[in-house]
Amino acid sequence: MPLLRLVSITKHYSVGGTLVKALDNVDLTIDSGEFSAVIGPSGSGKSTLMHLLGFLDHPTSGEIHFDGEEVARIGSNRRAMIRSEKIGFVFQSFNLLPRLSVLQNVLLPTSYARPRIPNAEKRARQALESVGMADRAHHRPSQLSGGQRQRVAIARALINEPRLILADEPTGNLDSRSAENILSLFEELHGQGRTIILVTHDANVACHTQRQIRVLDGKIL
Amino acid sequence: MSFLSGIGNGLSEIWAHKLRSFLTMLCVAMGVASVVISNGFVDGLFEGWKVSMAESGGLEKIRVERQATPNNQRHLAGTSPGLSMLDAERIREFCPGVVDVSPELTGDSVELRHGSKTAEDIRVMGGVPDILPIDRYEIVEGRALCDLDSHRKLQVIVIGSAVAEQLFEKNESVVGKTIQCNGIPFVIVGLLKHYEKKYGSFNLLENKNRVAFLPFDTMRVKMLGRARVGRILVRVTDTDHLQEAAEAIQNVVTQTHRGVKDCKVHTNEENVASYESTKKGFMLVGSGVGAVALLVGGIGIMNLMLASIHERVREIGLRKAIGAWASDIFLQFLVEAVTLAMLGGLIGIAAGAGVIQVLQSLEEFRPLLSMSAITVGFSFSVLVGVLSGLYPAIQASRLDPIEALRYE
């Protein structure tokens, strides 16, 4: 069953008066429960595609069907609500807030959930449990290794029970052993039925997934 | 994000940058402290003034006082009999709403003695029995003056508590004792209540204790040897028609003085009006100083918030990515600015209260720590927080999440 469907998606930017076609007439379907990788070199349109998949941006033209709704031309607050309810982000540089504890970092998305999430703290502890970080709940991010920080970031992505997990170069800042650990964690989450998209330029990372979506010059190959 | 968690967030940001936050708060604190202190001074003055006005007759009291004859009536001055008992009698007869009237004679230098003791700094006045209720005096021992005292020119006196204190031992009964007024023996027939309204260590009502009253004619004939009355005091019942009453009295007096305008009627309303304008002036100066300090504080907060946002661009990007609305980010930074300003305000109130406490123990300065000053000070700090946080919060809320997440 398709979770996400892009139809004839185009995204144009104007950079210094010249038009840049970051995505050009792209069609893409992601099924529920799929574990896929978007790969491509920098400048290929990979990041633009990720921004559209993560509802951080809207397309110049085309349709986006997500979870049964056409959502290409919704406003920024609706997009924020979709991000809050249905998308879990994992970033290359973790983006944990240094002054919050691990638990508070994981809880952060719940403070923007509308309506409020009941038993948020219990869910945060479960999310930390599922990434193997339950015993570090009261540590600060600075007290953790890179791999541990990324696990916390994944727990944060899981707390709102998203329909889609979007990971942008999740192993980019990690040593190879930590990277392997994180990738196996994603495989584990996929095994639990979650839909995951990794965005990467690294073929070794992409080979962990079921499906590789190659982007080049604004087109999907 | 709730308001409370916003404050918590603000506090942790402040704690993370203690020094710069503290310095910024200090500016707000100084502004609020100066508002609290200047308000305290004005309130203190006003409070004291209200009490002394009420205790010296309140709005019901009207005074007829001598004034210089106007230039165009100079040649008629001699035809006026001047202020006298006659005016008092006419006022009582012809002015509606008047309940008490008394002329007031003031002795320039009357010395009160008892044995070897002399009472210093006492105002000795002559009047008819009405003078006590007009000036709101109460008798605690003995009796008030009566018409017969004046009629027979009896050598009797009613004294204030300061006189009793200076001439007699503590707890000694004074009624019935004889004292010397400029060498003439007078029998004390009444003792006035002791009046006290502390303002710091200063008794606002001390003047009311430093008095002695003689019967009008006794004072006129035996002490002064002249009939000229210093002023006439009137008490009316209806303060809503004060102006009409004052005009009626003015007409009667001018009539009695054969048209010569050598006396003027004054009401305490004039004092209220002049006090109100003085108070406004003080408030304006105090608030002006406070406003400048608060402006400086506000600029400091804005500067701090802009720097803080600059350091936290990625945090803003992350918050937006995980579902924060622009309004959430706006509120977060606004609440942070307000928290900073409120803390500054609290420090300012505490400092202001401290300064007022210290000043209250001194004799000369007597400010009051009033609830209104605290409320005004605190509201000002919140207002400064909101105004100075507005622009940075708008800037933060407008950040594009993609750009913000990319920001290094």
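A. How the structure looks around the overall build of chain A. A tally of regular secondary structure across chain A gives seven helices and 10 strands. For chain A, the C-alpha radius of gyration of 17 Å lies close to 17 Å, the compact-globule estimate for 221 residues. Seen through its C-alpha atoms, chain A measures out along the principal axes to roughly 50 × 40 × 40 Å. The proportion of buried residues among the 221 residues of chain A is 45%. Across chain A, the fraction of contacts at a sequence separation of at least 24, relative to all contacts at a separation of at least 6, is 72%.

B. Representation of the overall build of chain B in the model. Assigned secondary structure in chain B consists of 14 helices and 14 strands. Rg of the C-alpha trace for chain B: 32 Å, well past the compact-globule value of 22 Å for 408 residues, more than 25% over. If you line up chain B on its principal axes, its C-alpha atoms span 105 × 55 × 30 Å. In chain B, which comprises 408 residues, the proportion classed as buried is 42%. In chain B, of all internal contacts separated by at least 6 residues, the share reaching a separation of at least 24 is 85%.

C. View of the interface of chain A and chain B. Taken residue by residue, the interface counts 19 residues in chain A and 18 residues in chain B. When residues of the side of chain A that touches chain B are assigned to their parent elements, the largest contribution, six residues, is made by helix H2 (residues 76-86) of chain A. Residue composition of the side of chain A that touches chain B, grouped by class: 10 nonpolar, six polar and three charged.

D. Geometry of the sheet that holds strand S1 (residues 2-15) of chain A. Residues and elements named next belong to chain A. Read from one edge of the open sheet, four strands run S2-S1-S4-S5, paired in antiparallel fashion. At either margin of the open sheet sits one strand with a lone partner, and together these are strand S2 (18-31) and strand S5 (69-70). In the sheet, strand S4 (residues 61-66) pairs with S5 via two bridges, with the strands oriented antiparallel. Each residue of the ladder has a partner; that of Phe-66, found in S5, is Glu-69. Relative to S1, helix H1 (residues 46-53) is tilted by about 125°, and along the sheet it contacts S1, S2 and S4.

E. Structural view of the nonpolar core. Counting residues in hydrophobic clusters, the biggest one holds 111 residues, and the most contacted among them are Val-38, Val-106, Ala-155, Leu-166 and Ile-197 of chain A together with Ala-337 of chain B. Examining the composition of this core, we find that 13 residues originate from one element, helix H12 (residues 326-360) of chain B, more than from any other. In this view, Ile-197 of chain A contacts Ile-30, Ser-36, Val-38, Leu-53, Leu-164 and Leu-166 of chain A; residues no more than four positions away in its chain are not counted. If you look at the next biggest cluster of nonpolar residues, it comprises 56 residues, including Val-98, Val-156, Cys-181 and Ala-212 of chain B.

F. Expanded view of the sheet that holds strand S6 (residues 87-90) of chain A. Residues and elements named next belong to chain A. Read across the sheet, six strands follow the order S6-S7-S8-S3-S9-S10 without closing on themselves; strand pairing throughout is mixed. Because the sheet does not close on itself, it has two edges, and the strands there are S6 and strand S10 (219-220). Pairing between strand S3 (residues 35-39) and strand S8 (residues 195-200): five bridges, direction parallel. Its bridge partner lying in S8, Ser-36 is registered against Ile-197.

G. Focus on helix H3 (residues 85-94) of chain B. Residues and elements named next belong to chain B. Of all the positions in H3, only Asp-87, Ala-88 and Ile-91 are classed as buried. What you see down the axis of H3 is that its buried residues fit within an arc of 100°, all on one side. Where H3 is buried, its residues contact strand S1 (61-66), strand S2 (98-106), strand S13 (231-236) and helix H9 (242-256).

H. Broad picture of the pairing of strand S12 (residues 211-215) of chain B. Residues and elements named next belong to chain B. A large share of S12 lies buried, amounting to four of its five residues. The pairing of strand S7 (residues 156-159) with S12 spans two bridges and is antiparallel. Paired with Ile-159 across the strands is Ala-212, a residue of S12.

I. Layout of the domain arrangement of chain B. Parsing chain B into structural domains produces domain 1 (3-53 + 274-406) and domain 2 (59-267). Placing the centre of domain 1 of chain B and that of domain 2 of chain B at their C-alpha centroids yields a distance of 53 Å.

J. Molecular detail of the packing of helix H1 (residues 3-16) of chain B against H12 of chain B. All names here are of chain B. Relative to each other, H1 and H12 sit at 65°, their axes nearing to 8 Å. You can see that H1 and H12 cross each other, and the crossing is right-handed. Along the contact surface, H1 presents Phe-3, Gly-6, Ile-7, Asn-9, Gly-10, Leu-11, Glu-13 and Ile-14, while H12 presents Leu-331, Gln-332, Val-335, Glu-336, Thr-339, Leu-340 and Leu-343. Taken together, the residues of the contact of H1 with H12 sort by class into eight nonpolar, five polar and two charged.

K. A look at the environment of Ala-248 of chain B. All names here are of chain B. Locating Ala-248 in the fold gives a position in helix H9. Along the sequence, Ala-248 and Asp-147 sit 101 residues apart, while their C-alpha atoms lie 26 Å from each other. When near neighbours in sequence (up to four residues on either side) are disregarded, Ala-248 contacts Cys-95 and Pro-96.

L. A look at the packing of helix H10 (residues 268-311) of chain B against helix H13 (residues 371-397) of chain B. Residue and element names in this part refer to chain B. In contact at an axis separation of 9 Å, H10 and H13 are set at 30° when each is read in the N-to-C sense. Judged by the angle between their axes, H10 and H13 are roughly parallel. Viewed along their axes, H10 and H13 form a crossing whose handedness is right-handed. Contacts from Leu-294, Gly-297, Gly-298, Ile-301, Met-302, Met-305, Leu-306 and Ile-309 of H10 reach H13 at Phe-380, Val-384, Gly-385, Leu-387, Ser-388, Gly-389, Tyr-391, Pro-392, Gln-395 and Ala-396. Taken together, the residues of the contact of H10 with H13 break down into 12 nonpolar, six polar and no charged.

M. Fine view of H2 of chain A. The complete set of buried residues in H2 of chain A reads Arg-79, Ala-80, Ile-82, Arg-83 and Ser-84 of chain A. Buried residues along H2 of chain A sit in contact with S6 of chain A together with helix H11 (313-321) of chain B.

Rules and cut-offs
- Residues numbered from 1 in each chain as written.
- Chains lettered and ligands numbered in written order.
- Predicted model: local features only at pLDDT ≥ 70, side-chain atom pairs only at ≥ 80, totals over all residues.
- Helix = DSSP H or I, 4+ residues; strand = E, 2+ residues; numbered from the N terminus.
- Rg over C-alpha atoms; globule rule 2.2 N^0.38 Å.
- Buried ≥ 20, exposed ≤ 12 C-beta atoms within 10 Å, placed from the backbone.
- Contact = placed C-beta atoms within 7 Å.
- Nonpolar A, V, L, I, M, F, W, Y, C, P; charged D, E, K, R; others polar.
- Pairing = 2+ DSSP bridges.
- Axes fitted to C-alpha atoms, helices over the stretch in contact; angles between N-to-C directions.
- Core = buried A, V, L, I, M, F, W, Y, C linked by C-beta atoms within 7 Å.
- Arc of directions from axis to C-beta.
- Domains from an automatic or database assignment.
- Left-handed = near helix turned anticlockwise from the far one by under 90°.
- Parallel < 35°, antiparallel > 145°, perpendicular 65-115°, else oblique.

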